Amino acid sequence: MCRHLGWLGEPVTIASLVLDPPCGLRVQSYAPRRQKHGLINADGWGVGFFDPGGQERSDPGIGPGEVRRWRSASPLWGDVSFASVAPALRSNCIVAAVRSASVGMPIESSASAPFSDGSWLLSHNGVVDRGVLPLSPVAESTVDSALLAALIFDRGPANLGDTIAEVGAADSGARLNIMAANGSRLLATTWGDTLSVLRRSDGVVLASEPYDDHPDWQDIPDRHLVDVSGGQVTLTPLKGSS
Ligand code: GLN
């Protein structure tokens, strides 16, 4: 089970969220504190963010910025190039993940989250029977998460809650924690694994597990949709929750 993190708020560096915290994704790649499935997350990592500089160059004044991604099939803890550059990468909207590949899934950079359709970044923490997902010509990899991402993009990420409830009904063993962002909105689901929220003065963090011991971290109940936008955090129970 992978670990992931999302940020929406003021621009911050990727290092400040992923590398610097005492129990951030870098540490979670070898010593996660709340992981129930798998011991470490050594099968890759990825970060995606919206780059307002890219947007200014291409389309001034419109949209949330250009999607940028850096993904790898190697452990995050050993990546000295990323450690060198991450303090210089700054964004208001970030999705990052470290990966523990499910049995039988390919280990390649294109199987590491976040996946993207050009407008959204999406990470999946969990596992799903690929037999219940439609074949997709646009999936980035044959990994279950890429097929699930393609389905969510196809249905429209705004319908994330309904799509997850539908997939969860089709595969009762599925774990479907999703993190998705489009530059101005951050969405997440809990379906079988942990998720916590931290409301900071400069923005909101959603993470599979807290990156430090700050008392403001709150756990999200299972089978919920979390919707972060305009500084508000809204929780809604998903269909299929009791
Ligand atoms: N099933 C996905 C994969 O193989 C996600 C795995 C996970 O959450 N550990 O990459």
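Please read these numbers as outputs of a predicted model, since none were measured by experiment. (Residues numbered from 1 in each chain as written. Predicted model: local features only at pLDDT ≥ 70, side-chain atom pairs only at ≥ 80, totals over all residues. Heavy atoms only, no water.)

Participant: I'm lost on the sheet that holds strand 3 (residues 66-72) in this one. Help?
Facilitator: On the basis of which strands lie adjacent, the open sheet formed by seven strands has the order 3-2-4-1-10-9-11 and antiparallel pairing. Where the open sheet ends on each side, the last strands, each with one partner, are strand 3 and strand 11 (218-219). (Pairing = 2+ DSSP bridges. Helix = DSSP H or I, 4+ residues; strand = E, 2+ residues; numbered from the N terminus.)

Participant: Can you help me understand helix 6 (residues 160-170) in this one?
Facilitator: Each turn of an α-helix holds 3.6 residues, which means side chains three or four residues apart point in the same direction. Taken as a whole, helix 6 has its buried residues at Leu-160, Gly-161, Thr-163, Ile-164, Ala-165, Val-167 and Gly-168. Against helix 5 (144-155), strand 7 (175-181), strand 8 (185-190) and strand 12 (224-229) lie the buried residues of helix 6. (Buried < 20%, exposed > 50% of the residue type's maximum accessible area, 1.4 Å probe, protein only. Contact = heavy atoms within 4.5 Å.)

Participant: Whenever I open this one, the pattern of salt bridges confuses me. Can you help?
Facilitator: Where charged atoms of side chains with opposite charge meet at close range, the side chains can pair. If you walk through the whole model with that rule in mind, you get eleven salt bridges. With a shortest N-O distance of 3.1 Å, Arg-3 and Asp-193 are connected by a salt bridge. Of this pair, Arg-3 sits in strand 1 (residues 3-13) while Asp-193 sits in the loop between strand 8 and strand 9 (196-200); the two residues are 190 residues apart in sequence, bridging distant segments of the chain. The exposure class assigned to Asp-193 is buried, which follows from its relative accessible area of 4%. Asp-51 is the salt-bridge partner of Arg-68, the closest N and O atoms lying 2.8 Å from each other. (Salt bridge = Lys/Arg side-chain N within 4 Å of Asp/Glu carboxyl O.)

Participant: What is the right way to read the nonpolar core from this model?
Facilitator: It is characteristic of soluble globular proteins that their nonpolar side chains tend to be buried jointly. Residues Leu-148, Ile-164, Leu-176 and Ile-178 are the most contacted members of the largest nonpolar core, which totals 28 residues. Elements that contribute at least two residues to this core include exactly helix 5, helix 6 and strand 7. Ranked by residue count, the leading element in this core is helix 5, at seven residues. Beyond its immediate sequence surroundings of up to four residues, Leu-148 is in contact with His-124, Val-128, Leu-133, Val-167, Leu-176 and Ile-178. Trp-45, Phe-82, Ala-86 and Val-205 belong to the second-largest nonpolar core, a separate cluster that totals 24 residues. (Core = buried A, V, L, I, M, F, W, Y, C linked by side-chain atoms within 4.5 Å.)

Participant: I would appreciate a short explanation of empty space enclosed by the protein in the present structure.
Facilitator: Unoccupied space between atoms shows up once a probe the size of one water molecule is rolled over them. Per the counting criterion, the structure on display carries two cavities of 30 Å³ or more. The space that makes up the largest cavity amounts to roughly 70 Å³. Taken together, Cys-2, Ala-97, Val-98, Arg-99, Ala-111, Ser-112, Ala-113, Phe-115, Ser-123, His-124 and Ser-145 make up the full set of residues lining the largest cavity. Only strand 4 (90-98) and strand 6 (121-127) provide two or more residues apiece to the lining of the largest cavity. (1 Å grid on protein atoms, 1.4 Å probe; cavity = no way out; pocket = protein on both sides within 12 Å on 5 of 7 lines; lining within 4 Å. Points joined across faces, edges and corners; volume = space filled by probe spheres on them.)

Participant: Looking at this structure, I do not really get helix 5. What am I missing?
Facilitator: Helix length check: helix 5 (twelve residues) gives 17 Å between terminal C-alpha atoms against 16 Å at 1.5 Å per residue, within 8%. Along helix 5, ten of the twelve residues are buried, which leaves the element largely enclosed by surrounding structure. Buried within helix 5 we find Asp-144, Ser-145, Ala-146, Leu-147, Leu-148, Ala-149, Ala-150, Leu-151, Ile-152 and Phe-153. If you follow the buried residues of helix 5, they end up packed against strand 5 (115-116), strand 6, helix 6 and strand 7. Gly-156 sits one or two positions beyond helix 5 and adopts a positive phi of about 95°. (Expected span 1.5 Å × (residues − 1).)

Participant: Looking at this model, I keep getting lost on the pairing of strand 12. Mind explaining?
Facilitator: Side chains on a regular strand alternate between the two faces of the sheet. Burial of strand 12 is extensive: five of the six residues sit out of reach of the surface. The sheet contact formed by strand 8 and strand 12 spans six bridges and is antiparallel. Pairing of Arg-185 across the sheet is with Ser-229, part of strand 12. Joining the antiparallel neighbours strand 12 and strand 13 (residues 232-237) is a turn of two residues, in which Gly-230 adopts a positive phi near 55°.

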